[in-house]
Amino acid sequence: MPMISRRSFTVGTLMSLGVAGMPMFVRAQEGKTVALLFDSLVSPFWVSGIEIMRQTAEAKGWTTLEAISDFDDNKQFEQVQAMIERQVDGILIIQTDANAVIPAIRAANEAGIPMVHFNRPPAENEYYSVAIQADNRKITQDTVQFMVDEARRLGGTYKAAILIGDLGDVNAIQRRDGFFDIVDQNTDIIEVVARIATEWNADKAFAGLTNAFQANPDINFLFTSSDFMLPQIQQVLRVAGRWHKRGEEGHVIFGAFDGDATAYQLLVDGYLDADGVQNLFLEVEMAFGAFEAMWAGEQPDKLLLDPGFVIHAGNLEEVRDEMWGYVVWQKEHG
Amino acid sequence: MTRSTLHPAGARARKAGADGVRAQLLLLELSPLILFAIVVVLFGLAADRFLTLATLNNVVIQAAHIAIIAIGMTFVLLTAGIDLSVGAIMYVVVAIVTLYLGDLPLAVSFPIGLLVGLLIGCINGFFIVVVRVAPFITTLATLFIGRGVALFMTDTAMVFANDDVLTLGQTDWLGLRSSIWVFGVVFVVAFVVLRSTPFGRQVYAVGQDPAAAAKAGLKVPLILFGVYAISGVCAALGGLVSLTQVAAASSTFGFQKEFPVIAAAVLGGTSLFGGRGTVVGTAFGALLIQTVETGLVMSNTDPYAYPLVIAGIIFLAVLVDAQRTRIAARLNRRKIRIDDPQDRG
């Protein structure tokens, strides 16, 4: 009978304990309670986001506690404190202001509760939390590059307009920068004649775009920083007599960002050329994965990027399952 | 015998001084018009197609819903009150009309929407007049409740107007868009009510001195109740007019709309302390704000400059208003002079 050394025995025992402990760890993960703190549910992106989170958490056997701050940073800080009092296992937060959330991160750190920022990273700070964010600039660059390629394929020169989001929102700024990164390299065919600050407000988007078309009736290259403004854009283009499908005379090369159900419908119908998609499913997986890593004692990077993708007529069927808006669209259309 | 009869030269000097002050006051009264002219000229120079009828048409169409709500707000401000719930009323009404009344003819669904606005306005009026809760608190509460109800009804999803609504929004009568007609009707009715009816005069009287108005036999609670009801209806109408233009309403519909509405009224010379203001001024304020916003877009101004320019104009208007109030108070001050005994015979 072979002799077992003390070292082999120790290693074997530890491994056995580790294997035996795994179910316990999994069981412990199953009972987790996670707070979902949204600042609002103002667009289909957030509505779908919270729905996917609920489903993913349920599949993992977690309990979720939800609160909405209505863009009120103070109220959100109170919600964080309330969740700390309730001794939740993790806090997923969508803050309004990148700086105002820092005291909340400090409070969560002091309580030893992992915090994950969803879709919006906090400002630079000394405390530890993990942010999941779409690579807004890169996704926009890719979307606008597709539009530029289309413009070059069709030939001619273009007058461009961009609908910018809230200038205080880092996502809006990154999307704007991504747009200009590409058009600035193509000034031989594209001239930006209208920069419309919408403040993420549909009224302002409508009025601003109407005025832009009044000043420049020949705008033929249009990018919106969010899909939620698509109905208003459609209305403006219709009134201006510019609502034409790809391949039709007078079609405006049209790109958008987000990946919602309206964008999917407009891609199918041929009015929208390209849509930069935030991979909401991946972002939720990344956020929940970050919690699991932190519970296991790991320290993931402070910023995890969702690379996203561009969807257009050429790859629609291939990638649409990754588009959260397609899932919503499927539900709406049976 | 007064000093003026004793010293004609001094009287002439005082009269000249008073005339100077009156000229200053007139200049300040006209300052919104002057400001508007400067804005138009500057943007006309900056954007080729700014000085066109089409642009003017767009400005009025886009300002119409704000102007309608601001006219309702003017009634409230004239009584030294405030209505913060106008944006929430817009959203609730539009949510109800699109979600539950979409299959009904507009001749039915829109009046029901207006009744909803009237109901919320009456709720505001009830709490302010009967329960005696401050207007700020009451309307802040209805703001939150209204938005909450609308978010619940829509499940925060975007709601869409049906084709009839869109057709109405694009319909022209005698060359003018439907929203301009609605704005025009509201303007004329409000103008006549404030200018030529006992109710209008009572609104001013209550705003200037509610205690004195009550002593004079005016039914102050009824008047206050009435102005909040009017504001509710105007907010509902503004929401519906906006819906005919933008085709859909997301959960930010009407969000913080109270600010541009109050700004329009104040820009037009309505006092936040009550008793002073006109619907002409309010409509003018709404048009001025929209003209600036239109000009900024048409001249492709850096979006970072938008709030600075708009805030600068509002600040200037408020500053001028403060100066106007000060001079008007000085002119209206009762002068008590005691004759100098040495001047006597």
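Given the structure is predicted, the values throughout are model-derived calculations rather than measurements. (Residues numbered from 1 in each chain as written. Chains lettered and ligands numbered in written order. Predicted model: local features only at pLDDT ≥ 70, side-chain atom pairs only at ≥ 80, totals over all residues. Heavy atoms only, no water.)

A.B. asks: Run through the overall build of chain B, naming residues and quoting values.
C.D. replies: Looking only at helices and strands, chain B has 15 helices and four strands in total. On the principal axes, the C-alpha backbone points of chain B span a range of 90 × 55 × 40 Å. The buried share of chain B, reckoned over its 345 residues, is 50%. Of the roughly 16500 Å² that chain B leaves accessible, carbon and sulfur atoms contribute 70%. (Helix = DSSP H or I, 4+ residues; strand = E, 2+ residues; numbered from the N terminus. Buried < 20%, exposed > 50% of the residue type's maximum accessible area, 1.4 Å probe, protein only. Areas by Shrake-Rupley, 256 points an atom, 1.4 Å probe, with all protein chains shown as cover.)

A.B. asks: Give a detailed account of the overall build of chain A, specifying residues and quantitative values.
C.D. replies: Within chain A, the regular secondary structure consists of twelve helices and twelve strands. Seen through its C-alpha atoms, chain A measures out along the principal axes to roughly 85 × 55 × 40 Å. Out of the 334 residues belonging to chain A, those deemed buried represent 55%. Long-range pairs, those at least 24 residues apart, make up 73% of the contacts in chain A with a sequence separation of at least 6. In the structure as shown, chain A presents an accessible area of about 14400 Å², 51% of it carried by carbon and sulfur atoms. In chain A, which carries 26 positive and 48 negative side-chain charges, the distance between the mean positions of the two groups comes to 3 Å. (Contact = heavy atoms within 4.5 Å. Lys, Arg positive; Asp, Glu negative; His and termini not counted. Charge placed at Lys NZ, Arg CZ, Asp CG, Glu CD.)

A.B. asks: Tell me about helix α12 (residues 220-246) of chain B, residues and numbers included.
C.D. replies: Because the α-helix completes a turn every 3.6 residues, residues three or four places apart line up on one side. All names here are of chain B. Its 27 residues give α12 an end-to-end C-alpha distance of 39 Å, which sits within 8% of 39 Å, the value for a rise of 1.5 Å per residue. With respect to burial, α12 is a largely interior element, 22 of its 27 residues being buried. Note on α12: the residue one or two positions beyond its end, Ala-247, has a positive phi of about 75°. (Expected span 1.5 Å × (residues − 1).)

A.B. asks: How would you sum up the interface of chain B and chain A? Please name residues and give values.
C.D. replies: By a widespread convention, an interface's size corresponds to the accessible area lost as its parts come together. Listed per partner, the contact involves 36 residues of chain B and 33 residues of chain A. Across the interface of chain B and chain A, roughly 2900 Å² is buried in total on both sides, 53% from carbon and sulfur atoms. Applying the counting rule to chain B against chain A returns two salt bridges. Here Asp-203 of chain A makes a salt bridge to Lys-257 of chain B, at a shortest N to O gap of 2.6 Å. For the interface between chain B and chain A, the tally reads 15 residue pairs in polar contact (both at pLDDT 80 or more). Of all the elements in the fold, those that place two or more residues in the side of chain B that touches chain A are α4 (53-78), α12 and α14 (279-298) of chain B. Here the residues of the side of chain B that touches chain A are counted per class, giving 14 nonpolar, 17 polar and five charged. (Buried area = accessible area lost by both parts, 1.4 Å probe. Salt bridge = Lys/Arg side-chain N within 4 Å of Asp/Glu carboxyl O. Polar contact = N/O pair within 3.5 Å; in protein donor to acceptor, adjacent residues only side chain to side chain. Nonpolar A, V, L, I, M, F, W, Y, C, P; charged D, E, K, R; others polar.)

A.B. asks: So what's going on with the sheet that holds strand β10 (residues 274-277) of chain A? Residues and values would help.
C.D. replies: Residues and elements named next belong to chain A. Pairing is mixed in the open sheet, where six strands are placed in the order β7-β6-β8-β9-β10-β12. The open sheet has two free edges, formed respectively by β7 (190-197) and β12 (309-312), since each of these has just one partner strand. Sheet twist, expressed as the average angle between the axes of neighbouring strands with direction ignored, equals 20°. Against the sheet, helix α5 (residues 136-154) engages β6 (158-164), β7, β8 (221-224), β9 (253-258), β10 and β12, with an angle of about 165° to β9. Along the sheet face, helix α8 (residues 230-239) touches β6, β8 and β9 and points at about 155° away from the line of β8. (Pairing = 2+ DSSP bridges. Axes fitted to C-alpha atoms, helices over the stretch in contact; angles between N-to-C directions.)

A.B. asks: Give a detailed account of the packing of aromatic side chains, specifying residues and quantitative values.
C.D. replies: Residue and element names in this part refer to chain A. Within this structure, the stated rule accounts for 21 aromatic pairs over all chains. An aromatic cluster is defined as three or more aromatic residues linked by ring pairs; in this entry it consists of Phe-38, Phe-45, Trp-46 and Trp-324. For Lys-32, the ring lying beneath its charged end belongs to Trp-295, and the centroid distance is 4.8 Å. (Phe/Tyr/Trp six-rings, centres within 6.5 Å; stacked < 30°, edge-to-face > 60°. Lys NZ or Arg CZ within 6 Å of the ring centre and 35° of its normal.)

A.B. asks: Break down the sheet that holds strand β2 (residues 63-68) of chain A for me, citing the residues and quoting the values.
C.D. replies: Residue and element names in this part refer to chain A. One open sheet holds the six strands; their spatial order is β2-β1-β3-β4-β5-β11, and the pairing between them is parallel. In this open sheet, the two strands that pair with only one neighbour each are β2 and β11 (303-306). Sheet twist, expressed as the mean angle between neighbouring strand axes with direction ignored, is 20°. As defined by bridge partners, strand β1 (residues 33-38) adjoins β2 across six bridges and the pair is classed as parallel. Within the sheet, the bridge partner assigned to Val-34 lies in β2 and is Thr-64. The sheet contacts of helix α3 (residues 73-85) involve β1, β2, β3 (90-93) and β4 (115-118), and relative to β1 the element is tilted by about 175°.

A.B. asks: Could you give me a rundown of unusual backbone geometry, with the residues and numbers involved?
C.D. replies: In this structure, Asn-119 of chain A is a non-glycine residue whose phi angle is positive, near 75°. Mapped onto the elements of the fold, Asn-119 of chain A is located in the loop between β4 and β5 (130-134). Within the chain, Gln-256 of chain B stands out as a residue other than glycine whose phi angle is a positive 60°. Relative to the helices and strands, Gln-256 of chain B is located in the loop between β4 (248-249) and α13 (258-267). With a relative accessible area of 41%, Gln-256 of chain B lands in the partly exposed category.

A.B. asks: Hey, could you go over the pairing of β6 of chain A for me, with residue numbers and the actual values?
C.D. replies: Walk down a regular strand and you will see the side chains alternate between the two sheet faces. All names here are of chain A. Counting buried positions along β6 yields six of seven residues, so the element is predominantly enclosed. Across seven bridges, the pairing between β6 and β7 is parallel. Bridging from a neighbouring strand, Leu-163 pairs with Ile-196 of β7. The β-α-β motif built from β6, the intervening helix α6 (residues 170-183) and the parallel element β7 has right-handed crossover chirality. Inspection of the sheet shows β6 paired to β8 by four bridges, in the parallel sense. By the bridge assignment, Leu-163 is partnered in β8 with Thr-224. (Right-handed = clockwise from strand over helix to strand, strands pointing away.)

A.B. asks: Can you lay out the confidence of the model for chain B for me, pointing to particular residues and giving the numbers?
C.D. replies: Reading fine detail from the predicted coordinates is not recommended where pLDDT is low. Here chain B shows a mean pLDDT of 88. Residues at 70 or above account for 93%. Here the complex is predicted with pTM 0.79, and the ipTM for its interfaces comes to 0.77. (pLDDT = per-residue confidence, 0-100.)

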